[in-house]
Amino acid sequence: MAEKLPLIQRLCIIGVGLIGGSLARALREAGEVGEVIGCGRGEANLQTAVRLGVIDRYHLDPARAVAGADVVVIAVPLGAIEPVLRTIVPHLAATAIITDVGSAKSSVVADVARVYGQIPPNFVPGHPIAGTENSGVEAAFATLFQRRRVILTPLAETAAAAHDLIKRMWELTGAEVVDMGVHHHDAVLAATSHLPHLLAYTLVDTLARLDDRAEIFRYAAGGFRDFTRIASSDPTMWRDICVANREQLLEMIALFNADLAQLAEAIRDDDHAAILATFQRAKRARDNLYLE
Ligand code: NAP
């Protein structure tokens, strides 16, 4: 009996870090990838990726890495997507399907349009709503996407076959795949992910610059640790996200600033009712969150 072919014969992952590495691991565990080629800037991370069995081999030159790949996943920080695209596009197989995992989507679509001069049918923008504060291939694990959502933001130009394949790829990792418009994605993520990261970074930065910071951090308890865990995330990645989702993020910051100022006002005015009302509303909302 003929052996069943894997969904992807040759997968090229550009940026074999937490997300790219976890995707490769999950597809390998599912037995749905023939060969995985890695690509990155530095050899050390890629050598580790080979040693850990995440990829089969690697090229530092993206043009060589994508040769003959049927699926190319771009999993680098948002600011590196356009230069990566410029390098690989002339070397892609005619039938290759390209996707990305970037945390903002309008900027990626703009990058793609600039590089191709149009939106190509074989590019499927994507974003797995899963992650940790750790980076690099050593942080990657096969179950990262299980029971998580992956958002695809296909465009009018996106070919149905390309969309179906990327959808199937993510489903094989255990994720639920949903489609969303590009701008809606960026608005939702500005509120649920980008603003919280920004708040965590700012809080830690503010406290870390106080004269008695050593004393303050010595007494940091569970609440502080929970709230600020995400401030350990990669700064370059988050710089790029802020730049890429500028308008939506600025709107959320303005909204948050106004609410924080109102709370400060209530505290200044000794307005117990207003303070309590804010906390009660927040607790109700938090307790009713549909967090799986
Ligand atoms: P990561 O662990 O730091 O991995 C990124 C990889 O990209 C690294 O292995 C790095 O390897 C490579 N890289 C960085 N700059 C590059 C460049 N200019 N050219 C080629 N390779 C480059 O980061 P990650 O968490 O996987 O994030 C990757 C992407 O996923 C980002 O776009 C991020 O927005 C998105 N994302 C992240 C999360 C999360 O929670 N972490 C969740 C969803 C989506 P070298 O240093 O060896 O080049």
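Here the residue numbering is sequential within each chain, running from 1 through the sequence in written order. In keeping with the model being predicted, local features are shown solely for residues with a pLDDT of at least 70 and side-chain atom pairs are shown and tallied solely at 80 or more, while totals for entire chains, interfaces and linings include all residues. As a rule here, side-chain values come from all non-hydrogen atoms in the structure, and water together with hydrogens is ignored.

## As for helix H5 (residues 106-116)
For H5, the set of buried residues is Ser 107, Val 108, Val 109, Asp 111, Val 112 and Val 115. Should any heavy atoms of two residues lie within 4.5 Å, those residues are considered in contact. The helix and strand labels rest on DSSP assignments: H or I over at least four residues marks a helix, E over at least two residues marks a strand, and numbering proceeds from the N terminus. Tucked into the core, H5 has its buried residues touching helix H4 (81-88), strand E5 (97-100), strand E6 (123-124), helix H7 (182-208) and helix H10 (235-244). Trailing H5 by a residue or two, Gly 117 shows a phi angle of about 80°, which is positive. Each residue gets one of three labels from its accessible area relative to the maximum for its type: buried under 20%, exposed over 50%, partly exposed in between, using a 1.4 Å probe on protein chains only.

## Overview of the packing of H7 against H10
With their axes 11 Å apart at the nearest point, H7 and H10 run at an angle of 125° to one another. Judged on the interaxial angle alone, H10 and H7 are oblique. Handedness of the H7/H10 crossing: left-handed. Where H7 approaches H10, its residues Ser 193, His 194, His 197, Leu 198 and Tyr 201 are matched on the opposing element by Pro 235, Trp 238, Ile 241 and Cys 242. Among the residues making up the contact of H7 with H10, the classes are represented as six nonpolar, three polar and no charged. Orientation is described by lines fitted to C-alpha atoms, with helices fitted over the stretch in contact, and by angles between N-to-C directions that extend from 0 to 180 degrees. Between 65 and 115 degrees an angle is taken as roughly perpendicular, under 35 as roughly parallel, over 145 as roughly antiparallel, and anywhere else as oblique. A clockwise turn of the near helix away from the far one marks a right-handed crossing, whereas an anticlockwise turn of less than a right angle marks a left-handed crossing. Polar here means any residue other than Ala, Val, Leu, Ile, Met, Phe, Trp, Tyr, Cys and Pro, which are nonpolar, and Asp, Glu, Lys and Arg, which are charged; Gly is therefore polar.

## Observations concerning the packing of aromatic side chains
For Phe, Tyr and Trp, where Trp contributes only its six-membered ring, two rings pair if their centres lie within 6.5 Å, and the inter-plane angle classes them as stacked under 30 degrees, edge-to-face over 60, or tilted in between. As enumerated under the stated definition, the model contains two aromatic pairs in all. Plain terms: the ring middles of Phe 145 and Trp 170 are 4.9 Å apart, the flat faces sit at 80° to each other, and that makes the pair edge-to-face. One end of the pair, Phe 145, is in the loop between strand E7 (126-129) and strand E8 (149-152); the other, Trp 170, is in helix H6 (residues 160-171), with 25 residues separating them in the sequence. Residue class for Phe 145 comes out buried when judged on its relative accessible area of 0%. Exposure remark for Trp 170: the relative accessible area of 1% places this residue in the buried category.

These results come straight from atomic positions and should not be treated as a statement about function.
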